[in-house]
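Below, each chain spelled out in residue letters.
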Amino acid sequence: RVPDKMSSSTPSNASKQSKMQFSPSSEASAIFSAFVAGGRYGLKIRLPHAFVMTFLFRRDLSTQAKLKSIIRLVSLHASSLAKFAALYKTI
């Protein structure tokens, strides 16, 4: 026997739509969460890469200048990813 598509175990379309509605506070929370996660991921990915590449290929800089460069690169990358993630969530 083929099960009926409108069986009692399947939620109706009205209940699905009510679950999909978000309040403004939950949307703002999701956007903020995406912003934080994007920044954290940008830091996690860029820090080791910038560290290795700077110390391998920027021999002309002092150690202090290398560390400043790494911090600048990491903060730029993390903020860019955070902004992108927040913008993506708003759309």
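See above for the structure.
Residues numbered from 1 in each chain as written. Predicted model: local features only at pLDDT ≥ 70, side-chain atom pairs only at ≥ 80, totals over all residues. Heavy atoms only, no water.

Student: Describe the overall build of the chain, naming the residues involved and giving the relevant values.
Tutor: Helix and strand counts for the chain stand at three helices and zero strands. From first element to last, N terminus to C terminus, the chain shows the α and β order α-α-α. For the chain, with 91 residues in total, the buried portion stands at 15%. Expressed as a percentage of contacts within the chain between residues at least 6 apart in sequence, the contacts between residues at least 24 apart total 69%. For the chain, the computed accessible surface area is about 7600 Å², with 65% contributed by carbon and sulfur atoms. (Helix = DSSP H or I, 4+ residues; strand = E, 2+ residues; numbered from the N terminus. Buried < 20%, exposed > 50% of the residue type's maximum accessible area, 1.4 Å probe, protein only. Contact = heavy atoms within 4.5 Å. Areas by Shrake-Rupley, 256 points an atom, 1.4 Å probe, with all protein chains shown as cover.)

Student: Tell me about the environment of A85, residues and numbers included.
Tutor: One can find A85 in helix 3 (residues 63–90). A relative accessible area of 18% places A85 in the buried class. Each C-alpha atom, one on A85 and one on I31, is 7.9 Å from the other, the two residues being 54 residues apart in sequence.

Student: Run through the packing of aromatic side chains, naming residues and quoting values.
Tutor: Across all of its chains, the model carries two aromatic pairs by this definition. Consider the rings of F51 and F55, whose centres lie 4.8 Å apart with planes at 45°: the pair is tilted. In this pair, F51 and F55 both sit in helix 2 (residues 24–57), four residues apart, roughly one turn of the helix. The class for F55 is partly exposed, based on a relative accessible area of 30%. (Phe/Tyr/Trp six-rings, centres within 6.5 Å; stacked < 30°, edge-to-face > 60°.)

Student: Tell me about the pattern of salt bridges, residues and numbers included.
Tutor: With the rule as written, the count across this model stands at one salt bridge. In this structure, D60 and R58 form a salt bridge, with 3.4 Å as the shortest nitrogen-oxygen distance. We classify D60 as exposed; its relative accessible area is 61%. With relative accessibility at 36%, the residue R58 sits in the partly exposed group. (Salt bridge = Lys/Arg side-chain N within 4 Å of Asp/Glu carboxyl O.)

Student: Can you lay out helix 3 for me, pointing to particular residues and giving the numbers?
Tutor: For helix 3, spanning 28 residues, the distance from its first C-alpha to its last is 41 Å, which sits close to the expected 40 Å at 1.5 Å a residue. For helix 3, every residue scored as buried is listed here: K66, S69, I70, V74, A78, A82, A85 and A86. On the buried face of helix 3, the contacting elements are helix 2. (Expected span 1.5 Å × (residues − 1).)

Student: With reference to specific residues and values, describe the packing of helix 2 against helix 3.
Tutor: The angle between the axes and the distance between the axes are what describe a pair of packed helices. One can describe the packing of helix 2 onto helix 3 by two numbers: an axis separation of 7 Å at closest approach and a directional angle of 150°. By the angle class used here, helix 2 and helix 3 are roughly antiparallel. Crossing of helix 2 over helix 3 shows right-handed handedness. Looking at the contact of helix 2 with helix 3 residue by residue, the class counts come to 19 nonpolar, six polar and four charged. (Axes fitted to C-alpha atoms, helices over the stretch in contact; angles between N-to-C directions. Parallel < 35°, antiparallel > 145°, perpendicular 65-115°, else oblique. Left-handed = near helix turned anticlockwise from the far one by under 90°. Nonpolar A, V, L, I, M, F, W, Y, C, P; charged D, E, K, R; others polar.)

Everything listed here is a matter of coordinates, which is why it stays silent on function.
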